[in-house]
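Below are the chains, spelled out letter by letter.
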Protein chains: 2
Amino acid sequence: METFFNPTSVAIIGATEKPGSLPGIILKNLIDMGFNGKIYPVNPKYTDVFGLRCFSSLLDIQDEVALTVIAIPAPSVLDVLKQQALKKIQHSIIISAGFREMGEEGIEMEEKIKQVAIENNIRILGPNCLGVLDNYTNFTTSFLPWERVSKPKKGPLSILSQSGAFAIALLDLAAQEGLGIAKMVNYGNRMDIGESTLLPFLADDIHTKVIAIYMESVDQGRQFIEAAKACSKKKPIVALKVGKGAAGIAAAKSHTGAIAGKYEIYKAAFLKSGIIEANGLEEFIDGVKALTMQNPPKTNRILIVTNGGGFGVIVADHCSENGLEVPPPSPQLKEKLRNSFSRFYVVNNPIDLTGSACDKDYYTALNTCMVESDEYDAAIIIPLMAPQGMTEKVVDHVADTMKLSGKPAVICTVGGTFTTKIKQLFEERKFPVYPSPERSAKTMSMLLKREILKREHAHTSP
Amino acid sequence: METFFNPTSVAIIGATEKPGSLPGIILKNLIDMGFNGKIYPVNPKYTDVFGLRCFSSLLDIQDEVALTVIAIPAPSVLDVLKQQALKKIQHSIIISAGFREMGEEGIEMEEKIKQVAIENNIRILGPNCLGVLDNYTNFTTSFLPWERVSKPKKGPLSILSQSGAFAIALLDLAAQEGLGIAKMVNYGNRMDIGESTLLPFLADDIHTKVIAIYMESVDQGRQFIEAAKACSKKKPIVALKVGKGAAGIAAAKSHTGAIAGKYEIYKAAFLKSGIIEANGLEEFIDGVKALTMQNPPKTNRILIVTNGGGFGVIVADHCSENGLEVPPPSPQLKEKLRNSFSRFYVVNNPIDLTGSACDKDYYTALNTCMVESDEYDAAIIIPLMAPQGMTEKVVDHVADTMKLSGKPAVICTVGGTFTTKIKQLFEERKFPVYPSPERSAKTMSMLLKREILKREHAHTSP
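Residues numbered from 1 in each chain as written. Chains lettered and ligands numbered in written order. Predicted model: local features only at pLDDT ≥ 70, side-chain atom pairs only at ≥ 80, totals over all residues. Heavy atoms only, no water.

### Here we look at the nonpolar core
What counts here: Among buried residues, the Ala, Val, Leu, Ile, Met, Phe, Trp, Tyr and Cys ones that are joined through side-chain atoms within 4.5 Å form a nonpolar core. In this scheme, a residue with accessible area under 20% of its type's maximum is buried, one over 50% is exposed, and one in between is partly exposed, where area comes from a 1.4 Å probe on protein chains only. The contact criterion used throughout is that any non-hydrogen atoms of two residues lie within 4.5 Å.
In this structure, Phe166 and Phe311 of chain A together with Phe166 and Phe311 of chain B are the most contacted members of the largest nonpolar core, which totals 122 residues. With residues near it in sequence (within four places) discarded, Phe166 of chain A still touches Ser161, Tyr214, Leu240, Leu281 and Phe284 of chain A together with Phe311 and Ile314 of chain B.

### What to know about the interface of chain A and chain B
Cut-off, in case you're wondering: Two parts lose some accessible area (1.4 Å probe) when they are put together, and adding that loss for both gives the buried area. One speaks of a salt bridge when a side-chain nitrogen belonging to Lys or Arg is within 4 Å of a carboxyl oxygen belonging to Asp or Glu. N or O atoms within 3.5 Å of each other form a polar contact, as long as, within protein, one can give a hydrogen and the other can take it, and as long as residues adjacent in sequence are counted only when both atoms are side-chain atoms. The helix and strand labels rest on DSSP assignments: H or I over at least four residues marks a helix, E over at least two residues marks a strand, and numbering proceeds from the N terminus. Under the convention adopted here, Pro, Cys and the residues Ala, Val, Leu, Ile, Met, Phe, Trp and Tyr are nonpolar, Asp, Glu, Lys and Arg are charged, and Gly plus all remaining residues are polar.
Listed as interface residues are 67 residues of chain A and, on the opposing side, 66 residues of chain B. Taken together, the two surfaces of chain A and chain B that pack against each other cover about 4800 Å², and 60% of this comes from carbon and sulfur. At the junction of chain A with chain B, the criterion picks out two salt bridges. Taken together, the connections running from chain A to chain B amount to 20 residue pairs in polar contact (both at pLDDT 80 or more). At 10 residues, the largest contribution of residues to the side of chain A that touches chain B is made by helix α10 (residues 309-321) of chain A. Of the residues in the side of chain A that touches chain B, the class split is 33 nonpolar, 20 polar and 14 charged.

### Remarks on the relation of the copies chain A and chain B
Copy one and copy two of the chain differ by a rotation about a common axis and a shift along it. Let me state the cut-off plainly: Copies overlap after least-squares fitting; the atoms used are the C-alpha atoms of residues with pLDDT of at least 70 in both.
Least-squares fitting of chain A to chain B yields an RMSD of 0.1 Å, with the transformation described by 0.0 Å of translation along the axis and a rotation of 180 degrees. The operation mapping one copy onto its partner corresponds to a two-fold rotation axis. Across chain A, the smallest distance between a C-alpha and the rotation axis is recorded for Glu282 of chain A, namely 5.8 Å. A share of 99% of interface residues in chain A that are also interface residues in chain B marks the association as one of identical surfaces.

### Considerations on the packing of aromatic side chains
Using the following cut-off: Centres within 6.5 Å make a pair out of two Phe, Tyr or Trp rings, where for Trp the six-membered ring is used; the pair is then stacked when the planes are under 30 degrees apart, edge-to-face when over 60, and tilted otherwise. By definition here, charges over rings are those cases where NZ of Lys or CZ of Arg is within 6 Å of the ring centre and within 35 degrees of the ring normal.
A full pass over the atoms with the stated rule returns 16 aromatic pairs over all chains. On the basis of an interplanar angle of 45 degrees and a centroid distance of 6.1 Å, the ring pair of Phe166 of chain A and Phe284 of chain A is categorised as tilted. You can see Phe166 of chain A sitting in helix α4 (residues 164-177) and its partner Phe284 of chain A sitting in helix α9 (residues 281-293), a full 118 residues away along the chain. Grouping aromatic residues by their ring pairs yields a cluster made of Phe166, Tyr214 and Phe284 of chain A together with Phe311 of chain B. The ring of Phe5 of chain A is capped by Lys183 of chain A, whose NZ or CZ atom sits 5.4 Å from the centre of that ring.

### Some details on the sheet that holds strand β1 (residues 9-13) of chain B
Within a sheet, neighbouring strands are paired by backbone hydrogen bonds and run either parallel or antiparallel to one another. Residues and elements named next belong to chain B. Put simply, the test is: When DSSP locates at least two bridges between a pair of strands, those strands are taken to pair. Note on geometry: axes are lines fitted to C-alpha atoms, helical ones only across the stretch in contact, with angles between N-to-C directions running from 0 to 180 degrees.
Spatial strand order, β2-β1-β5-β6-β7: five strands in an open sheet with parallel pairing. Edge positions in the sheet fall to β2 (38-42) and β7 (123-125), since each of these pairs with one other strand and no more. Strand after strand, the sheet turns through a mean of 20 degrees between neighbouring axes, direction not considered. Bridging between β1 and strand β5 (residues 67-70) involves four bridges; their strand directions are parallel. Following the sheet pairing, Ile12 is matched in β5 by Val69. With respect to the sheet, helix α1 (residues 22-33) is in contact with β1, β2 and β5, its orientation differing from that of β1 by roughly 150 degrees.

### Thoughts on the sheet that holds strand β11 (residues 181-186) of chain B
Residues and elements named next belong to chain B. One open sheet accounts for seven strands, arranged β9-β8-β11-β10-β12-β13-β14; its pairing is mixed. Each edge of the sheet is formed by a strand with only one pairing partner; in this case those strands are β9 (139-140) and β14 (276-278). When strand β8 (residues 131-134) meets β11, the two strands line up antiparallel, connected through four bridges. Bridge pairing in β11 places Val132 opposite Val185.

### Details of the state of the cysteines
All names here are of chain A. Worth spelling out the cut-off: Any cysteine sulfur atom paired with another within 2.5 Å is treated as part of a disulfide.
Counted by the stated rule, this structure contains zero disulfides over all chains. Here Cys369 is not cross-linked by a disulfide; its sulfur's nearest cysteine counterpart is in Cys319, at 15 Å. Taking the relative accessible area as the measure of exposure, Cys369 reaches 0% and is therefore buried.

### Here we look at the environment of Met444 of chain B
Residues and elements named next belong to chain B. Secondary-structure assignment places Met444 in helix α15 (residues 437-460). Taking relative accessible area as the criterion, Met444 reaches 0% and is therefore assigned buried. Here the alpha-carbon distance between Met444 and Met215, two residues 229 residues apart in the chain, equals 23 Å. Excluding anything up to four places from it in sequence, Met444 contacts Pro297, Ile302, Leu324, Ala378, Ala379, Ile380, Pro408, Ala409 and Val410.

### Thoughts on the pattern of salt bridges
Taken as a whole, this structure holds 44 salt bridges over all chains when the rule is applied. Between Glu451 of chain A and Arg455 of chain A there is a salt bridge, with its nearest N and O atoms 3.0 Å apart. Placement of both Glu451 of chain A and Arg455 of chain A in helix α15 (residues 437-460) is noted, with a separation of four residues, approximately one turn of the helix. Through salt bridges with shared partners, a single ionic network connects Glu282, Asp286 and Arg439 of chain A together with Glu282, Asp286 and Arg439 of chain B.

### Overview of the packing of helix α2 (residues 77-86) of chain A against helix α3 (residues 104-119) of chain A
Residue and element names in this part refer to chain A. The cut-off we apply is this: Oblique is the label for any angle not covered by the other classes, which are roughly parallel (under 35 degrees), roughly antiparallel (over 145) and roughly perpendicular (65 to 115).
Two elements in contact, α2 and α3, have axes separated by 10 Å at closest approach and are oriented at 5 degrees. Compared by their axis directions, α2 and α3 come out roughly parallel. The residues of α3 that touch α2, namely those facing Val77, Leu78, Leu81 and Lys82, are Lys112, Ile113, Val116 and Ala117. Tallied by class, the residues present in the contact of α2 with α3 amount to six nonpolar, no polar and two charged.

### A few points about the packing of helix α4 (residues 164-177) of chain B against helix α9 (residues 281-293) of chain B
Residues and elements named next belong to chain B. The cut-off we apply is this: Put simply, a crossing is left-handed when the front helix is turned counterclockwise from the back one by less than a right angle, and right-handed when it is turned clockwise.
It is the contact of α4 with α9, at a shortest axis distance of 11 Å, that shows an interaxial angle of 50 degrees. Here α9 runs oblique to α4, going by the angle between their axes. Pair α4 / α9 crosses with right-handed handedness. Here Phe166, Leu170, Leu173 and Glu177 of α4 come into contact with α9, specifically with Leu281, Phe284, Ile285 and Lys289. Class assignment for the residues of the contact of α4 with α9 results in six nonpolar, no polar and two charged.

See below:
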């Protein structure tokens, strides 16, 4: 599998400098990214492309080639594969669209390619895909215009996506959220390699800490569950399953030719294999972000600290909706808080520091309840930045105290430019920030879900 | 009620130039906003404040005073009210906190004030509130630091909020979303004036087109339902009810002293009075934004047009979750689309224009299905901006065609800087844009809800 992410040598079929050509853009992106392996452009029309020697066919390349990247029109793909078989190149990423997703004729072409691949022991990623992006080896087959889509930095998240547009959106969102990416794989029609092959590989990948999967269907049910079960013992997996209702199932079929199948079966499979399911794009990103930054809480006992009463109430509501407990502090703890705070502050759960709050009050609340006491196992913290007493120092007060407690926290804050800066500071210190009460509560419940699934696994698995 | 939003003259009790003083900030904000009525600072310590003549007491003002703004410590409020009674000033906004929300002692003070107010026919907004912001009369009692909270422009939305922090967050979010505000009212402890008094007033306010209510509890159940019923016949009302579960109800009680009561009763009351309920802050803002920009759809038959297949699938899923139908086009309509498009495009519902899409394809899809055909009554349109064929011209193609159809649409698009620009262009043309498939589908269902409630009302009400 390593060859797909770090090939010693790669041939780009149809390479050209002509603007707008897919193989040309892929080659350009690969060079720009600073990939270290050997690159062989292949195109009978040219002798060199972007300063690299160009070969008229695969058979003209004297050296060994580890991988081919094929992004030429669908009807020409089969011939390339036959040549590649002669040269015993055993890995291909087929970017080209126009196969299974196009109906009868496309299915037929895809089946022929599959036949040649099986006979010649060629492993295939695609067709109808973006292929891969590896931020650590600098290898990519992406044809994304990086001036339109932000490229995320290196980091702990790896993405598996059946949908190309979705993979692009995730990269873009990850870059915006400052969330680092290890690997992205988009396998489109998934003729050969899919989740069941990729999960064991990512389970052992040192750069990957969290795995996000977008799926319309799954490749091989039983194998997938086994692979996911083994992987999720090591690393959290978050899945967004789409194609749930009749309308979505029909849409998925048109999209990647996927038979989405009964959603209930997926739901059960996720539970069985320790996968955390997200409902919708934002929940997906939110959960993944929290899992890369924070540990799961030991129990569901949550403390809420706010300087906006209304926000505390909404978080409390959404905690209840999501199976989180918001118990009041014990009389002893209340007494302790009462003695530390102005009499206007509401000493309960939520602790409401009101519009008079200053930075240090967050330290006092969290140190008293999370460090010196064991009544709570996680905190949802709401520092609204409108009141005059609030400055960027609140970030250190919260981050230092929560780190000392060893317990997880998520932050909710809402506002303009100043708030955006505070968000960045929190996230540099690995505290994930959400722009609404409901998303912060939902995300905390996803962290808890990780803990629950891990424990269940420890009991039920061989 | 008009006096609270456009007083001919207003006295600011405790006015001062001292930095950090509440009455001082309120006076400064009021002057800065360009309010046209007469302003009387009242403070025995000064002879002038911010260049205005300052009076030592209310009784020293020779002219009539329409309204007092009281933002001094709670124990001194009663005396001001007694003076005001002597001068027959019949309106007060009491900003001061430290009453009912503080327990026994506070309740007692509040009751005494209420007694004086009733005996002297004084209408009161507050206490424990921000008061009002009127973008058309330029009257405000807000003590918000406008360098930290963005001030929204003039527009069709009026906000009623029991929570001050929430009102601030809404103003800030509205400004960020380019959503214009007519009036904001925050009544805190709601000693006298609340939703039941304000709704009939807003129902007749020419600047208000949509009303957003944040509520922990309601002032007078039956009266509220009658007022809301009458108002929602004219204008959509969206409510965010907080304090739903045990944890939230307890939090609401600590917050504004509100007895949140059984959530089921509220739910029934909302239905009965034609109020659209939102679950959470984002749904609230999203729904309100759509209602200020678009009309409700006639039926739940939705067309999805996308250039990212995966996004189409997720929107279809969330349409089903929210009671929207995504029926396939009729054979005739399919045929027509087939003849207009590249054979790669998926002619179904969603219509998937794929990564090869260009701007004009959106025109073709929408003109064929929404203008020339009656098979759909609304559209969810997904223009992802990563593909090279997509430019800002897509905005005019979509907006012109949808306007011609007379049917509503919401937009879903995800991405960085370029996408943000497209979002602004769409919203200038009154097409609301959402950053996720699930939020665009949810919002369309809220537009539909408005249509359904309006029809039910037409049948059931006297």
